[in-house]
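A structural walkthrough
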Amino acid sequence: MAECDPALRIAAKPSNAHDSARLHVSGAAGYVDDGAEPIDMLHLAFGQSEEAHARIAHMDLSAVRAAQGVVAVFTAADIPGANDVSPVAKDDRLLADGEVMCVGQALFLVVATSQRAARQAARLARISYEPRAACLTIAEARASSSFIEPTQRMARGDARAALSAAAHRVSGGFDIGGQDHFYLEGQIAIATPGEDGQVHILSSTQHPSEIQHLVAAMLNLSSADVTVEVRRMGGAFGGKETQAALFAAAAALAAHLTGRPTKFRCDRDDDMIITGKRHDFRIDYDVGFDDQGHILGLQLRLASRCGATVDLSPAINDRAMFHVDNCYWLPDIEIVSERLKTHTVSNTAFRGFGGPQGMLAIERIMDEVAAFLGRDPLDVRISNLYGPGRNVTPYDMVVADNIAPEIIARLRREGRYDERAASIEAFNAGSAILKKAIALTPVKFGISFTTTHLNQAGALVHVYADGSIQINHGGTEMGQGLYIKVAQVVADVFAVPVSQVRITATRTDKVPNTSATAASSGADLNGMAAHNAAMTIRDRLTAFLAQTFACAESEVAFAADGVVAGKEKLSFADLARRAHMGRISLSATGYYATPGIAYDRSTHKGRPFYYFAYGAALAEVAVDILTGEHRVLAVDIVHDVGRSLNPAIDLGQIEGAFIQGQGWLTTEELMFDAKGRLLTHSPATYKIPTASDRPRHFRISLWQDENLEPTIHRSKAVGEPPFSLANCVFSAIGRAIAAISPEKRSLPPLNAPATPENILRAVRGYRD
Amino acid sequence: MSVRFLLDGEIVEITDVDPTSTILNYLRYRLRRTGTKEGCAEGDCGACTVLLGELDEGAETMRWRSVNACILFLPMLDGKALLTVESLAVDGKLNPLQACMAENGSSQCGFCTPGFVMSLYGRTIGASGHDLPVADVVAGNLCRCTGYGPILAAGDGIGKLSRDDQPTMVALREMAETACAGGVFEDRRWFAPRTPEALAGLLAAHPDARIIAGATDVGLWVTKGLKTIETMVFIGNVAGMKAIVEDEAGVTLGAGVPYADAHAAFSRLHPDLGELVRRIGGLQVRNAGTIGGNIANGSPIGDGPPALIALGAELTLCSTAGRRTMPLENFFLDYGRQDRQPGEYVESLWIPRPAPQDIIHISKLSRRFDSDISAVCGAFALTVENGLIVRARIAFGGMAATPCRASGCEAALVGKPFAAETIASGTIALAGDFSPITDVRGTATYRAEVAANLLWRLWYRAQGEDISVLALESSHG
Ligand SMILES: Cc1cc2nc3c(=O)[nH]c(=O)nc-3n(C[C@H](O)[C@H](O)[C@H](O)COP(=O)(O)OP(=O)(O)OC[C@H]3O[C@@H](n4cnc5c(N)ncnc54)[C@H](O)[C@@H]3O)c2cc1C
Ligand code: FES
Ligand code: FES
């Protein structure tokens, strides 16, 4: 495990292991594909578009229908209701209707007796396309003014004037690649037809309610006829927020039309081709600054590839704009955000949701300013931090708990930044082909859905007469430890051991109208909702005890060794039994809506976030300038989790997020060919980090001051913020390349990901 | 005609053997042992890791090896013992490794976890590759959630675990008596010969048959290419195909030797060769994938051939008509075409031992260090006498349609002093040797540039420079 502060062991909140840990290690944790298959179950596969943009002239599916094992083949014409699997804009088709917008788009659905038969048959279609002009890249889309929504602008002051007045001015730009989620469990859904037209769907999804609503509309059913259930996902990272709907809807359609249970277990390569990814960006900037490196004026353009449809791209790109400031005061600024429509798969949510790209842009600018002035990049960063009198974001939100300066100072000291920077300089002087560098970058991440109405959650708590407790809430478990955190919250309310709390699968028939488990909000929202539900029951029990034992309610206490009421003391189980006999309701729902947030999207001003989570990371890397190979040698992190609900779970989130971020910026490269086909559609060519890519020195310390805002136990969200800690790896690689010409006052032209080839290209570019 | 294997001490018999059905699908959908997961169905993620146990030659000892169940075909289970994640807990009590992983945060979503458990469990019981560092043992297991720290800590923290394999060996010996020779499924045939003569005879009778060794290449034709294979000849049980003979002159390896088994002998030939083997696939792939398969597959980016060509390896082919031996480079005729006649199989490989003073340098370049395919693999063997290069064998993978020698570069070096100017002229000659292609693993420009730089790397190393980021420590000390 990451070395951690021993003081954490005695922290107020226990580091309970993940509730499913014992099931995980024994292979007994059930995922969607693990239940017994009914003998009449059917399996599904999509026929996929081979064209990026075309009208479908004709689909000859006769060979598909005739193939061995095929039971049915469905097209858009077979869909009884809405042919729509989109989250907002109603523009994602379940099955193509006349036109295809990207390679891999689902054209028809094969229903067969086995997965292999379905996949084999799907390849037998003869499709005639009338190809249309396709734009595939950011540059092409920009050239043909192809956007999914109008270009957005967030500004303060007069950036242009500040730029011309500044002592120094530099402009530049770079590309940031996308990222495949590579959840280990691929997309999967099982649909089972029920009586009277109802359908039950087991889906690996972060958003059961959305699937419920989409399937109801697709089958002309009411939401009450559709139940969606998910116990756990084998990883999601945003990739199952909207993308799971396609597979669930296909399964539901086939179940509805055949009357048999169906399973859509998507093959890995198909999954990578069909589903959306993290947005790739082109960043261009023009920055003005003074001799100390204070940024005075900044014009920044963020252009992203949104793909063929809207999906969540507006909110993702908004979040990129919100994170351009990161921890820095940018007095006069103009951010222009272009959301480009391309004929490639529609990009979607991925841990950080645009934030990482926004932050990487400003970190690059910090490096650029430092290189220009010949100053240490950390000093430039520090001189630009928010502080008293300079603590308002470009969208007019006050940065209330500005702890980044303290976090950075601690990391600089504990990570021995200055000493190591000096020793690295000496190393580089004596090393011809291997160059080292370190970089320290901070993170400030806004917590809340920026679409305000999503910031609500519900929970359901039952206390049974034997004293055992069952909880259910709208959040989904994808490995992040949400269930155990919420269980701890509920166990604390009744002062019972967490083992007495049974956590149950997320189901739309238990808690309705839920938001996606996303935006790092799972524990904040559902923890609070469950807390409220449990408190309702506890209040009833308190009143019951006061009445039964003729004491004041203030004399009732729930403690680890039992419940006290006046002079009486009884076990929780005994209390539950008595309360039941006393006809007290032992079941309650709970609800929570985040207070105090308001945001006007038309002006991009307001308070979109309830609070910020902070962190900082320091990476040391080595680069081989002959081959472009690199290695991350050491990483030190200080990360803010508020008063942690579960330090062990939080440490795991930080470490996992960092390595995922490192992969995004180094080895993970999405490549498309000139026809818009994804070339890196398998783990053979798309390389996420392996165990040896984890730096051998990897130290994480938690910053555990309580949240200023009254969140659940004053904790902070932890899912997404630490992803961007890995930005320091990219900065360090750039700096290591720059070490080939220490006298130069510019940055190597490095694009992300820093693959060997991109690094070598930057080496060449920096030499020339 | 049934396939039989040992699972948790019980013999499982499969009568209707589809020879291209994978062990993973059999476990999950026939036996309903769903602890073993599918993450990719192409050998790259390790979620399907299981342990296969087999008797060593002579049947006195046995060996466990981790393999990817997603690309192993059912006939390859015959006569073997299988352990899955469900095999480890006894009476509901977790094995110490599992308990440690459960307590220390080794799992988040848990989907990769059974695979890691099996890889690490193999290490604790002395399975193939157990002497590797933990990170190497799990290099073929991907985890997207944890960042690996707790998993590595669990692997490092657990010592040897005892395992009584006596009953397994007794059962395996008994099963060996009734090994399955093959079968027919629908209109497809498969064979599992046990002697070289039988193999040669079968190939003569079925010249179109597909030989299956470790199936780490062929497996994907089935799981990803969705191909059906008419006639399959499984060579895993052919006597003698897994022999390794080391002597002063060199090493002779049977074509069926898995990379993992050759690792030590290769390291003794030269540390660079050992390091190259360490970076072929993950351990599961090296436990199954054979040296013969790597060569016979003929891929331009296979890692074995360039290094073996530079070292001067010779290949022996065999058929009912007899044997042929050739320099390895002559085997590769063109893209997808090798000098193998119908009915012939690759029998063995001989690699001469380099002289101690030879300058050997082998570099694999890939996006990721572990478990990745080369963009370019360069191998150099130079003999320098009195400051003069008297002999040069240089071979590359990823630079042409086949693995092949850089003859222009060799000619530019031989007879010249071992000096920077010679290296510079060598790189110019090298540019004329190849016109590499652009593909998903690298552009033509990158390939040409790094191929030349690898020659420089050899030079810098000879000057005593650090040449690999892998060997560096951080300034934390
Ligand atoms: C995840 C993964 C990672 C990989 N990484 C690497 C890597 O890093 N470097 C690398 O070089 N390769 C790699 N490979 C490819 C593969 O593992 C090797 O090529 C391996 O050595 C093939 O051996 P095999 O025994 O599995 O061959 P098989 O798949 O059984 O056969 C491959 C081909 O060789 C033929 N064949 C096999 N044996 C003989 C014989 N004795 N005589 C005649 N023909 C024969 C077969 O008919 C078939 O055409 C990887 C594969 C996977 C799945
Ligand atoms: S499922 Fe990925 S290696 Fe087998
Ligand atoms: S725990 Fe989720 S992939 Fe490893």
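Scope of this entry: the structure provided in the associated data block. Bear in mind the structure is a predicted one, so any value in this text is a computation, not a measurement.

Right, let's get into the nonpolar core. By size, the foremost hydrophobic cluster in this structure holds 166 residues, and its most contacted members are Leu 298, Leu 302, Ile 469, Phe 494, Phe 572 and Phe 658 of chain A. If one sorts the elements of this core by residue count, helix H15 (residues 522–548) of chain A sits on top with twelve residues. Ignoring anything within four residues of it in the chain, the contact list for Leu 302 of chain A reads Phe 281, Arg 282, Ile 283, Ala 320, Met 321, Val 324, Ile 335, Val 336, Ser 337, Glu 338 and Ala 361 of chain A. Among the nonpolar cores identified, the runner-up in size contains 56 residues, and Met 118, Leu 120, Tyr 148 and Leu 161 of chain B belong to it.

Glancing now at the interface of chain B and chain A. Each partner contributes to the interface: chain B provides 85 residues, whereas chain A provides 95 residues. Across the chain B/chain A interface, buried area totals approximately 7,400 Å², and carbon plus sulfur atoms make up 55% of it. The largest share of the area that chain B buries against chain A comes from Arg 144, Arg 367 and His 476 of chain B, three residues that together contribute 13% of it. The tally of links from chain B across to chain A stands at 14 salt bridges. A salt bridge links Glu 629 of chain A to Arg 457 of chain B, with the nearest nitrogen and oxygen atoms 2.5 Å apart. Applying the counting criterion to the chain B and chain A interface returns 53 residue pairs in polar contact (both at pLDDT 80 or more). Elements that contribute at least two residues to the side of chain B that touches chain A include exactly helix H1 (23–30), helix H2 (96–103), helix H3 (113–124), helix H5 (149–157), helix H8 (218–223), strand S17 (359–365) and helix H17 (444–462) of chain B. Per-element tally for the side of chain B that touches chain A: the top contributor is H17 of chain B, with nine residues. In terms of residue class, the side of chain B that touches chain A is built from 37 nonpolar, 26 polar and 22 charged.

The next subject is the packing of helix H19 (residues 756–767) of chain A against H17 of chain B. Running from N to C, H19 of chain A and H17 of chain B cross one another at 75°; their axes reach a closest spacing of 11 Å. By the angle class used here, H19 of chain A and H17 of chain B are roughly perpendicular. Between H19 of chain A and H17 of chain B, the residues in contact are Pro 756, Glu 757, Leu 760 and Arg 764 of chain A and Thr 445, Tyr 446, Glu 449, Val 450 and Asn 453 of chain B, respectively. Broken down by class, the residue content of the contact of H19 of chain A with H17 of chain B amounts to four nonpolar, two polar and three charged.

It is worth spelling out the environment of Cys 143 of chain B at this point. By the element assignment, Cys 143 of chain B lies in the loop between helix H4 (134–137) and H5. Taking the C-alpha atoms as reference, Cys 143 of chain B lies 8.1 Å from Thr 113 of chain B; in sequence the two are 30 residues apart. Ignoring any residue separated from it by four or fewer positions in sequence, one finds Cys 143 of chain B in contact with Ile 688 of chain A together with Cys 112, Phe 116, Tyr 148 and Ile 151 of chain B.

All names here are of chain B. With eight of its ten residues buried, strand S18 (residues 376–385) lies for the most part within the structure. The pairing of S17 with S18 spans seven bridges and is antiparallel. For Ile 362, the partnering residue across the bridge sits in S18 and is Ala 379. Summarising the sheet, S18 and strand S19 (residues 388–397) pair through nine bridges and their orientation is antiparallel. Across the sheet, residue Ala 381 finds its bridge partner in S19, namely Arg 393. Where S18 folds back on S19, the antiparallel hairpin that results is connected by two residues, among which Asn 386 adopts a positive phi of roughly 50°.

Residue and element names in this part refer to chain B. Not every one of the 35 residues close to ligand 1 is listed here, only the nearest: Ile 211, Gly 214, Thr 216, Thr 290 and Asp 303. Arg 210 is positioned such that a nitrogen or oxygen atom in its side chain is 2.7 Å from an oxygen atom of ligand 1. In this structure, an oxygen atom belonging to ligand 1 sits 3.0 Å away from a side-chain N or O atom of Lys 364. Taking 970 Å² as the accessible area of ligand 1 by itself, protein coverage stands at 96%. Residue assignment for the shell around ligand 1 shows that the elements contributing at least two residues are strand S8 (210–212), H8, helix H12 (291–296) and strand S16 (345–352). In the shell around ligand 1, the residues fall into 16 nonpolar, ten polar and nine charged.

The subject of this paragraph is the sheet that holds strand S4 (residues 62–68) of chain B. What holds strands together in a sheet is hydrogen bonding between their backbones, with the strands either parallel or antiparallel. Residue and element names in this part refer to chain B. If you walk across this open sheet you meet the five strands as S2-S1-S5-S3-S4, and the pairing is mixed. Among the strands making up the open sheet, the edge pair consists of strand S2 (10–14) and S4. Neighbouring strand axes in the sheet, compared pairwise and without regard to direction, differ in orientation by 35° on average. Strand direction decides the pairing type here: strand S3 (residues 49–55) and S4, joined by seven bridges, are antiparallel. For Thr 49, the partnering residue across the bridge sits in S4 and is Asn 68. Set on the sheet, H3 makes contact with S3 and strand S5 (81–83); between it and S3 the angle comes to about 35°.

What counts and what doesn't
- Residues numbered from 1 in each chain as written.
- Chains lettered and ligands numbered in written order.
- Predicted model: local features only at pLDDT ≥ 70, side-chain atom pairs only at ≥ 80, totals over all residues.
- Heavy atoms only, no water.
- Core = buried A, V, L, I, M, F, W, Y, C linked by side-chain atoms within 4.5 Å.
- Buried < 20%, exposed > 50% of the residue type's maximum accessible area, 1.4 Å probe, protein only.
- Helix = DSSP H or I, 4+ residues; strand = E, 2+ residues; numbered from the N terminus.
- Contact = heavy atoms within 4.5 Å.
- Buried area = accessible area lost by both parts, 1.4 Å probe.
- Salt bridge = Lys/Arg side-chain N within 4 Å of Asp/Glu carboxyl O.
- Polar contact = N/O pair within 3.5 Å; in protein donor to acceptor, adjacent residues only side chain to side chain.
- Nonpolar A, V, L, I, M, F, W, Y, C, P; charged D, E, K, R; others polar.
- Axes fitted to C-alpha atoms, helices over the stretch in contact; angles between N-to-C directions.
- Parallel < 35°, antiparallel > 145°, perpendicular 65-115°, else oblique.
- Pairing = 2+ DSSP bridges.
- Near = heavy atom within 4 Å.
- Areas by Shrake-Rupley, 256 points an atom, 1.4 Å probe, with all protein chains shown as cover.

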